[in-house]
Amino acid sequence: MAEDEPPLTGVAWAASPEAVPAGWTVIGVTVEGAAANLGKGFGLKSGGYLCVSSGRAQAPPGPVVTDVLVLSDRSPQPAGYARAPEFPEPRPGGSRKKRLYVKLQPVGAADTAVVDIKLSSKSKTLPYYTRAGEMGNFAIWCKKGPVLKPVPKPRSISTGLKQLSLQSSDYGAPAAPCSIKRAASQHEALYDTSNIYGLSAMDGVPFILHPKFDTRLSSGSNALLTDLNVKSLADIEAEYNYAFVVEKTAAARLPPSVC
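Every value quoted in this text rests on a predicted model; they were computed, and no experiment measured them. (Residues numbered from 1 in each chain as written. Predicted model: local features only at pLDDT ≥ 70, side-chain atom pairs only at ≥ 80, totals over all residues. Heavy atoms only, no water.)

K.L.:
Account for the overall build of the protein chain, with residues named and values stated.
P.N.:
Counting its regular elements, the protein chain contains four helices and ten strands. Scanning the protein chain from its N terminus toward the C terminus, one meets helices and strands in the order β-β-β-β-β-β-β-β-β-β-α-α-α-α. Among the 259 residues that make up the protein chain, the fraction classed as buried is 24%. Relative to all contacts within the protein chain whose residues are 6 or more apart in sequence, the contacts with residues 24 or more apart total 67%. (Helix = DSSP H or I, 4+ residues; strand = E, 2+ residues; numbered from the N terminus. Buried < 20%, exposed > 50% of the residue type's maximum accessible area, 1.4 Å probe, protein only. Contact = heavy atoms within 4.5 Å.)

Below you can see the structure in the form of structure tokens.
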């Protein structure tokens with residue numbers, strides 16, 4: 001999308017050029033140079049004007065106009081479309097044979113958007129413009145272009161994060177990249193469990209029991225050995241001997257004979 005063609009952010013009606021609010025631009029003339037007052041053909045005794053609002057040269061942060069349709073008042077409202085607003089507010093009892101519908105989408109979800117709207121006579125053809133419909137004695141044309149996605153602003157680093165350093169507080173210079181990578185690799189290797197044995201560098205490291213839990217050993221190193229009962233090989237065989245008599249008897253039984 002060219003910089004001189006920002007996407008439109010709204011399309012509306014105005015009872016007169018003076019009724020157009022700030023930020024909106026009235027379409028006062030057609031491409032042929034005639035007055036673009038829709039007049040009584042639009043169902044208004046005092047006439048009516050199209051007006052548009054546009055974003056900046058870059059994509060605006062809000063929704064953009066992606067399509068414009070002119071339908072009969074008997075046609076159902078298309079899904080995703082809304083009726084164009086009016087300035088000032090429409091008076092009750094006003095009837096119109098044609099209605100203008102506008103489709104708005106967020107910038108991030110829109111690939112193309114309407115960048116310009118022109119009015120012409122019904123017999124006129126405008127290149128690069130799409131005919132949205134007819135209203136009164138005029139044809140409404142819209143031109144579309146690609147939407148430039150908003151570029152996210154770079155995140156600023158706070159002063160607190162800038163003061164962080166892996167070096168001692170006595171040195172104001174930042175740590176060298178190689179030292180930072182070396183420290184990170186050592187930290188990861190210390191708790192790495194991705195080897196084939198599932199072991200880390202912390203496995204097998206001796207530890208010391210806290211003194212307040214070391215009450216039994218404080219009276220002597222042989223305190224735990226007094227409760228041990230040492231058995232000989234003969235005692236173990238006698239205690240756990242099993243002759244499998246029942247199993248052998250069941251295995252020796254013959255199947256009953258068939259009479």
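Resuming the write-up.
K.L.:
Describe the packing of aromatic side chains, listing the residues and the values that go with them.
P.N.:
As enumerated under the stated definition, the model contains two aromatic pairs in all. The interplanar angle of 70° and the centroid separation of 5.2 Å between the aromatic rings of Trp-24 and Phe-87 together place this pair among those described as edge-to-face. In this pair, Trp-24 sits in the loop between β1 (8–14) and β2 (25–27) while Phe-87 sits in strand β6 (residues 86–87), placing the two residues 63 residues apart along the sequence. Owing to a relative accessible area of 23%, Trp-24 belongs among the partly exposed residues under this scheme. Between Tyr-242 and Phe-244 the ring centres are 4.6 Å apart and the planes differ by 80°, which places this aromatic pair in the edge-to-face class. According to the relative accessible area criterion, Tyr-242 is partly exposed, its value standing at 49%. (Phe/Tyr/Trp six-rings, centres within 6.5 Å; stacked < 30°, edge-to-face > 60°.)

K.L.:
Run through the nonpolar core, naming residues and quoting values.
P.N.:
The biggest cluster of nonpolar side chains holds 22 residues, and the ones touching the most others in it are Val-11, Leu-50, Val-68, Leu-100, Ile-117, Leu-119 and Ile-140. In contact with Leu-100, other than residues within four places in its own chain, are Val-11, Trp-13, Leu-50, Val-68, Leu-69, Val-70, Ala-82, Arg-83, Ala-84 and Met-135. (Core = buried A, V, L, I, M, F, W, Y, C linked by side-chain atoms within 4.5 Å.)

K.L.:
Could you give an account of the sheet that holds strand β3 (residues 49–54), with specific residues and numbers?
P.N.:
The four strands lie next to each other as β2-β3-β1-β6, forming an open sheet whose pairing is mixed. Single-partner strands in this sheet number two, and they are β2 and β6. By the bridge criterion, six bridges tie β1 to β3 in an arrangement that is antiparallel. The residue bridging Leu-8 from the neighbouring strand is Ser-54, located in β3. (Pairing = 2+ DSSP bridges.)

K.L.:
I'd love a proper account of the pairing of strand β9 (residues 130–135), names of residues and values included.
P.N.:
Bridge analysis of β9 against strand β10 (residues 138–146) gives five bridges, and the strand direction is antiparallel. When the bridges of β10 are listed, Thr-130 appears paired with Cys-142. Joining the antiparallel neighbours β9 and β10 is a turn of two residues, in which Gly-136 adopts a positive phi near 65°.

K.L.:
Account for the layout of surface pockets, with residues named and values stated.
P.N.:
Roughly 150 Å³ of internal volume is contained in the second largest pocket. If you trace the second largest pocket, you find it lined by Leu-8, Gly-23, Thr-25, Val-26, Ile-27, Val-52, Ser-53, Ser-54, Val-115, Asp-116 and Ile-117. Only β2, β3 and β8 (112–121) provide two or more residues apiece to the lining of the second largest pocket. For the lining of the second largest pocket, the residue count by class is six nonpolar, four polar and one charged. (1 Å grid on protein atoms, 1.4 Å probe; cavity = no way out; pocket = protein on both sides within 12 Å on 5 of 7 lines; lining within 4 Å. Points joined across faces, edges and corners; volume = space filled by probe spheres on them. Nonpolar A, V, L, I, M, F, W, Y, C, P; charged D, E, K, R; others polar.)

K.L.:
Lay out the sheet that holds strand β5 (residues 82–83) with the relevant residues and their values.
P.N.:
Read from one edge to the other, the open sheet built from three strands follows the order β4-β7-β5, with strand pairing classed as antiparallel. Two strands bound the open sheet, and with one partner strand each, they are β4 (64–72) and β5. As paired elements, β4 and strand β7 (residues 98–105) share eight bridges and run antiparallel to each other. Residue pairing for β7: Val-70 is matched across the bridge by Leu-100.

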